[in-house]
Each structure stands twice: as structure tokens, then as C-alpha cells.
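Architecture and fold: a report
Here is how the chains run, residue by residue.
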Amino acid sequence: MVQAARKIAMPAAAVPPPTSAKNTTLAKKLRRGKVVPTAETAASRARMGWTAFEATFSEPLPVAGQLSAFEALRSRVVLEATDAQVGASKHGQPYGNAMYEDIRARMGALAAERSSLDALTPQLLMGLVYDLTAHCEIWWSERFDVDALDSSSHQGDVAGGES
């Protein structure tokens, strides 16, 4: 099962991120947190891998009154990111790199736990972190309007985000 998941997820993760990824919600949020620039490309790639994994292995229909394994995992990852953000923000702004290091360690530990979802790796879980970031469930800085012109960005963000 692990090998099958890797064969499915790897082609999607191997495709380079589109050029338009420079002004996505994900990129803007990482930049605002002052996460190192290489993380933007890594985030786009990891997110593509997660998307392929989730599309392949998610339940077709939810069971009434029961949290799906993927929804339970999303909730757990948001809680881990919250703890990482609280710890990193104690040292002031910007805290994106400190938060990144903590989340990477947490996703490594989470991947090592027994789960009903086979083949979870730290890289796949980081893809989920970035997917949740793009959907504004995880922040790498204080909240801000991602659709507003961000004059402090390196690339001169323009309005518009991803959902």
C-alpha cells in the first residue's frame, strides 16, 4: 500500500509549481512570516503531493456523525500548528522560520505515529500544512488581509488569493 501511494503521489509532486504561484495566498503568508524564500517552492511542491494523496485515498462519502480520517488529521495538524505558532511568536515578529522548524519536527513525530492513513510521511504532512495555510486555517504571522496589496512583500503582491 505504501509503494502504491508513493507511485501515485510522486508524479504530482514532481511537476514544478506554476509560475503564477508567486502571488498565491500561500506564498503571501509565508513571505509575511519571513520564511526563507526556498520554502515557497518547497511548499508548492509538497502541497501538490498532499493533494494527490488526499484525492487518491479520501473516503468517497462521509459517514453521518463520524469524522473522516482526513478531517481528523486536518484537525490534529491545525492544533500542532497552533502550538508551533504560540511557541514561535513568543520571540516576536517575524516568527515564520522558527514556526517552520517546529512544525517540521511535529510533522515528523506525527508521521511516526500509528494511523489509519497508511503512507503518511513528514513531506506529505507538510503538504497538508501548506494546504491548510492556503485555506487560511494556518498563519505564519499575525493575520492580515491577503487580498490587499502587500507593499512589504519581496515580489510586490497583487490582489487575489487561492481557495
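Residues numbered from 1 in each chain as written. Predicted model: local features only at pLDDT ≥ 70, side-chain atom pairs only at ≥ 80, totals over all residues. Heavy atoms only, no water.

What to know about the pattern of salt bridges
Per the stated rule, a full pass over the model turns up nine salt bridges. The shortest N-O distance in the salt bridge between Asp-131 and Arg-47 comes to 2.8 Å. Residue Asp-131 is found in helix α6 (residues 122-134), and its partner Arg-47 is found in helix α3 (residues 38-57); the two are separated by 84 residues along the sequence. Judged on exposure class, the residue Asp-131 and its partner Arg-47 are both buried. Measuring nitrogen to oxygen at the nearest pair gives 3.0 Å for the salt bridge that ties Arg-76 to Glu-80. You can see Arg-76 and its partner Glu-80 sitting in helix α4 (residues 69-89), four residues apart, about one turn around the helix. According to the relative accessible area criterion, Arg-76 is partly exposed, its value standing at 29%. Judged by relative accessible area, which is 14%, Glu-80 ranks as buried. (Salt bridge = Lys/Arg side-chain N within 4 Å of Asp/Glu carboxyl O. Helix = DSSP H or I, 4+ residues; strand = E, 2+ residues; numbered from the N terminus. Buried < 20%, exposed > 50% of the residue type's maximum accessible area, 1.4 Å probe, protein only.)

Topic: the environment of Arg-104
Looking at the secondary structure, you find Arg-104 in helix α5 (residues 96-112). Spatially, the C-alpha atom of Arg-104 lies 9.8 Å from that of Ala-81, the residues being 23 residues apart in sequence. Discounting residues that sit within four places of it in the chain, Arg-104 has contacts with Gln-123 and Met-126. (Contact = heavy atoms within 4.5 Å.)

Concerning the packing of α4 against α6
Between α4 and α6, whose axes approach to 10 Å, the crossing angle comes to 80°. The angle between α4 and α6 falls in the class roughly perpendicular. Residue-level inspection shows Leu-73, Arg-74, Val-77 and Val-78 of α4 in contact with α6, the latter providing Leu-125, Leu-128, Val-129 and Leu-132. Considering only residue class, the contact of α4 with α6 consists of seven nonpolar, no polar and one charged. (Axes fitted to C-alpha atoms, helices over the stretch in contact; angles between N-to-C directions. Parallel < 35°, antiparallel > 145°, perpendicular 65-115°, else oblique. Nonpolar A, V, L, I, M, F, W, Y, C, P; charged D, E, K, R; others polar.)

Details of the packing of aromatic side chains
Scanning the model with the defined rule gives six aromatic pairs in all. Here Trp-50 and Phe-53 contribute two aromatic rings whose centre-to-centre distance is 5.6 Å and whose plane-to-plane angle is 40°, an arrangement assigned as tilted. Taken together, the residues span about one helical turn, with Trp-50 and Phe-53 both in helix α3 at a distance of three residues. Look at Trp-50 and you get buried, because its relative accessible area is 0%. Between Phe-53 and Phe-70, the ring centres sit 6.1 Å apart and the planes meet at 55°, which makes this aromatic pair tilted. With Phe-53 in helix α3 and Phe-70 in helix α4, this residue pair connects regions lying 17 residues apart in the sequence. Across the pair, exposure class does not vary: Phe-53 and Phe-70 are buried alike. Members of the aromatic cluster, each reached through a chain of ring pairs, are Trp-50, Phe-53, Phe-57 and Phe-70. (Phe/Tyr/Trp six-rings, centres within 6.5 Å; stacked < 30°, edge-to-face > 60°.)

Quick word on α3
End to end, α3 covers 29 Å across 20 residues, agreeing with the expected 28 Å (1.5 Å per residue, within 8%). Looking at α3, one finds that the buried residues are Ala-39, Glu-40, Ala-43, Ser-44, Ala-46, Arg-47, Gly-49, Trp-50, Ala-52, Phe-53 and Glu-54. (Expected span 1.5 Å × (residues − 1).)

Geometry only, nothing functional implied.
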